[in-house]
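Listed below, chain by chain, are the residues.
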Amino acid sequence: MTSHAPLRTTEPGPAAPGTAGRGRRSGAVWLGGAGLVALPLSVAFAVTVGAAGLSTGEVFRSVAAHLSLPVTSLPPLQDAIVWELRLPRVLLAALVGGGLAVCGAVLQALTRNPLADPYLLGISSGASTGAVAVLILGLGSAVPLTTGAFAGSVVAFCCVLALAGAGMTSSIRVVLAGVAVSQLFSAVTSLIVIWAGDAHSTRSVTFWLLGSLASASWSGAALCAAAAGIALALCWAAAPALDAFAFGREAAASLGVSPVRTQLTLLVTAALCTSALVAASGAIGFVGLIVPHAVRFVVGSRHRVLLPACALYGAIFLLWADTAARALFAPREIPVGVLTALIGVPAFAAVMRRRSTAR
């Protein structure tokens with residue numbers, strides 16, 4: 001059973017009053033400025049990476065031409081590579097990474113559990129079941145894969161709500177309900193694959209389950225932009241309530257926060273946002289777990305600053321991870337979820353080691 005103690009965001013030490021606060025503010029300014037510069041540069045570079053060599057200038061020409069600016073258009077093949085294949089994928093990677101990081105930070109605050117991530121509520125397993133049902137049971141002609149995955153994730157979250165019942169406001173009960181529902185839907189997924197799957201469909205399912213952005217499209221990117229944008233806006237508006245939750249439900253109530261309404265609203269927001277993101281990308285792990293810890297180490301735990309910083313650096317992290325997944329083993333591509341796990345496990349071990357040392 002994991003600990004539900006409040007997150008500790010500052011190191012013990014003899015710092016003078018106000019020194020830590022000034023350090024956090026300067027760190028937030030520096031981190032935000034660096035991220036705002038790094039993100040567009042990362043997007044521009046990532047679009048150039050691939051089997052067909054393209055320069056940054058050619059990328060800008062393609063984008064400018066589609067925006068009806070007075071530039072010379074690229075040849076049709078190169079333009080299609082930029083506009084139809086790479087740019088939607090790069091933008092989707094940034095949106096999924098930013099959204100997962102924000103949802104992870106919110107769930108860590110609500111549950112007061114440093115191990116919480118966006119898949120805590122059984123959403124990943126439910127999406128997997130929905131995707132497998134579409135791919136293997138022959139529903140693909142009637143239902144798109146993303147729709148099936150989204151429906152599965154929503155059903156899983158509804159099961160968590162039903163299982164937790166009146167205890168939905170209890171962090172421990174939410175975690176236990178999420179674990180139980182995850183195991184249930186994982187079992188259903190395995191049963192479908194074993195019972196009805198063939199070699200080709202099993203390979204497709206495995207690739208999707210490991211997290212992949214290979215099927216990115218403009219429509220998927222637009223859906224994820226809407227989901228992530230709405231979730232960030234709602235959670236940022238509730239930042240004072242999230243700060244109050246760090247002191248416990250009773251303390252939050254004494255500060256004028258309605259714990260039941262706030263927790264339920266933010267849980268539903270995080271769940272629906274994660275459902276949309278997972279439907280578009282598969283289950284990409286560790287982004288929502290590691291990025292909030294890394295950002296919190298620099299900017300502190302005030303959610304007015306933490307949430308936008310998580311969105312920014314979650315986007316940069318997954319963008320670079322997906323670029324590496326495409327380029328490291330070219331012409332073969334590995335699922336980006338594999339790479340985030342390879343990066344995330346050592347990073348998570350370092351976070352846990354630092355927390356134990358700080359105590």
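Please read these numbers as outputs of a predicted model, since none were measured by experiment.

Points about helix 8 (residues 218-237)
For helix 8, with 20 residues, the first-to-last C-alpha span of 28 Å sits near the 28 Å given by 1.5 Å per residue. Inspection of helix 8 places G220, A221, C224, A227, A228, A231 and C235 among the buried residues, and these make up the whole buried set. Along helix 8, the residues classed as buried sweep out an arc of 130° about the axis, all on the same side. Helix 8 presents S219, I230 and A237 as exposed residues on the side facing more than 90 degrees away from its buried surface. Against helix 3 (76-111), helix 9 (239-245), helix 11 (259-281) and helix 13 (303-327) lie the buried residues of helix 8.

Description of the nonpolar core
Core analysis: the largest hydrophobic core is formed by 62 residues, its most contacted members being V96, V106, L121, I284 and V295. Ranked by the residues each element gives to this core, the list is headed by helix 3, at 12 residues. If we skip the residues at most four places from it in the chain, V295 touches L31, G300, L306, A309, C310 and Y313. Core analysis: the next-biggest nonpolar cluster, separate from the first, contains 14 residues, V59, V82, V90 and A315 among them.

A few points about the pattern of salt bridges
Overall, the coordinates contain three salt bridges when judged by the stated rule. A salt bridge links R326 to D322, with the nearest nitrogen and oxygen atoms 3.8 Å apart. Placement of the pair is R326 and D322 together in helix 13, with a separation of four residues, close to one helical turn. Comparing R326 with D322 shows no difference in burial state: the two are buried. Salt bridges sharing common partners tie together R89, D322, R326 and E333.

Some points on unusual backbone geometry
With phi around 65°, S68 is a residue other than glycine that occupies positive phi space. Of the residues examined, S68 reaches a relative accessible area of 66% and is grouped as exposed. You will see that F286, though not glycine, has its phi angle at about 75°, which is positive. Looking at where F286 falls in the secondary structure, it is placed in the loop between helix 11 and helix 12 (287-299).

Digging into the environment of S190
Considering the arrangement of structural elements, one finds S190 in helix 6 (residues 171-196). Sequence spacing of S190 and S128 is 62 residues, and the spatial spacing of their C-alpha atoms is 9.9 Å.

What to know about the side chain of D322
The class of D322 is buried, set by a relative accessible area of 1%. A polar contact is formed between the side chain of D322 and the side chain of R89, at a distance of 2.9 Å. Setting aside residues no more than four positions away along its own chain, D322 makes contact with R89, A93, L213 and V336.

Let's talk about the packing of aromatic side chains
Taken as a whole and assessed by the stated rule, the structure comprises two aromatic pairs. Each ring, one from F45 and one from W320, has its centre 5.4 Å from the other, and the planes form 25°; the classification is stacked. Linking F45 in helix 1 (residues 19-48) with W320 in helix 13, this pair joins segments that are 275 residues apart in sequence. Residue classification places W320 among the partly exposed positions, given a relative accessible area of 39%.

A short note on a nonpolar patch on the surface
On the surface, L67, L69 and V71 cluster together to form a nonpolar patch covering roughly 260 Å² of accessible area. Tracing the backbone through its elements, the reader meets L69 in the loop between helix 2 (56-66) and helix 3.

A look at the packing of helix 3 against helix 8
Interhelical geometry of helix 3 versus helix 8 gives an angle of 25° and a closest axis separation of 9 Å. The orientation of helix 3 relative to helix 8 falls into the category roughly parallel. Crossing handedness for the pair helix 3 and helix 8: left-handed. Residues W83, E84, L87, P88, L91, L92, L95, V96, G99, V102 and V106 of helix 3 form the contact with helix 8, whose participating residues are W218, G220, A221, C224, A225, A228, L232 and C235. Partitioning the contact of helix 3 with helix 8 into residue classes produces 16 nonpolar, two polar and one charged.

Details of the environment of F317
If you trace the backbone, F317 turns up in helix 13. Its relative accessible area of 24% is what places F317 among the partly exposed residues. For the pair F317 and A93, spaced 224 residues apart in the sequence, the C-alpha separation amounts to 9.0 Å. Filtering out sequence-adjacent residues up to four positions away, F317 remains in contact with V287, V291, T340 and I343.

So, helix 5 (residues 145-164)
Note that an α-helix has 3.6 residues per turn; residues three or four places apart therefore point the same way. With 20 residues, helix 5 should cover 28 Å at 1.5 Å per step; its first-to-last C-alpha distance of 29 Å lies within 8% of that length. Residues of helix 5 that are buried include every one of G148, A149, G152, S153, A156, F157, V160 and A164, and no others. The inward-facing, buried residues of helix 5 contact helix 4 (123-136), helix 6, helix 7 (199-209) and helix 11. G165 occupies a position one or two residues after helix 5 and carries a positive phi of about 60°.

Rules used throughout
- Sequence order sets the numbering: in each chain, residues are counted from 1 along the sequence as written.
- The predicted origin of the model limits local features to residues at a pLDDT of at least 70 and limits the giving and counting of side-chain atom pairs to 80 or more, whereas totals for whole chains, interfaces and linings rest on all residues.
- Excluded from the side-chain calculation are hydrogens and water; included are all heavy atoms of the structure.
- Strands are runs of DSSP state E lasting at least 2 residues, helices are runs of H or I lasting at least 4, and numbering of each runs from the N terminus.
- A helix's residues, less one, multiplied by 1.5 Å, set its expected span.
- Exposure classes here rest on a 1.4 Å probe applied to the protein chains alone. A residue is buried below 20% of its type maximum, exposed above 50%, and partly exposed in between.
- The arc in question is traced by the directions running from the helix axis to the C-beta atoms.
- Between two residues, a contact is recorded if the distance between any of their heavy atoms is within 4.5 Å.
- Remark: nonpolar core denotes a set of buried residues (Ala, Val, Leu, Ile, Met, Phe, Trp, Tyr, Cys) joined through side-chain atoms within 4.5 Å.
- What counts as a salt bridge is simple: a side-chain nitrogen of Lys or Arg found within 4 Å of a carboxyl oxygen of Asp or Glu.
- Identification of polar contacts relies on pairs of N or O atoms within 3.5 Å, with a donor-acceptor requirement for protein atoms, meaning one able to donate a hydrogen and the other able to accept it, and with residues adjacent in sequence counted only if both atoms are side-chain atoms.
- Two rings from Phe, Tyr or Trp (for Trp, the six-membered ring) form a pair when their centres are within 6.5 Å of each other. A pair whose planes differ by under 30 degrees is stacked, one over 60 is edge-to-face, and the rest are tilted.
- Patches draw on residues past 30% relative accessible area with no salt bridge. Two like charges within 9 Å are joined, as are two nonpolar side chains (Val, Leu, Ile, Met, Phe, Trp, Tyr) within 5 Å.
- Computed with a 1.4 Å probe, the accessible areas rest on the Shrake-Rupley method; for each residue, only the protein chains presented here act as cover.
- The axes are straight lines fitted to the C-alpha atoms, using for helices just the contacting stretch, and the angles between their N-to-C directions are given from 0 to 180°.
- In what follows, roughly perpendicular refers to angles from 65 to 115 degrees, roughly parallel to angles under 35, roughly antiparallel to angles over 145, and oblique to any angle outside these ranges.
- If you view the pair so one helix is near and one far, a crossing is left-handed when the near helix is turned anticlockwise from the far one by less than a right angle, and right-handed when it is turned clockwise.
- Under the grouping applied here, Gly and all other residues not named as nonpolar or charged are polar, the nonpolar ones being Ala, Val, Leu, Ile, Met, Phe, Trp, Tyr, Cys and Pro and the charged ones Asp, Glu, Lys and Arg.

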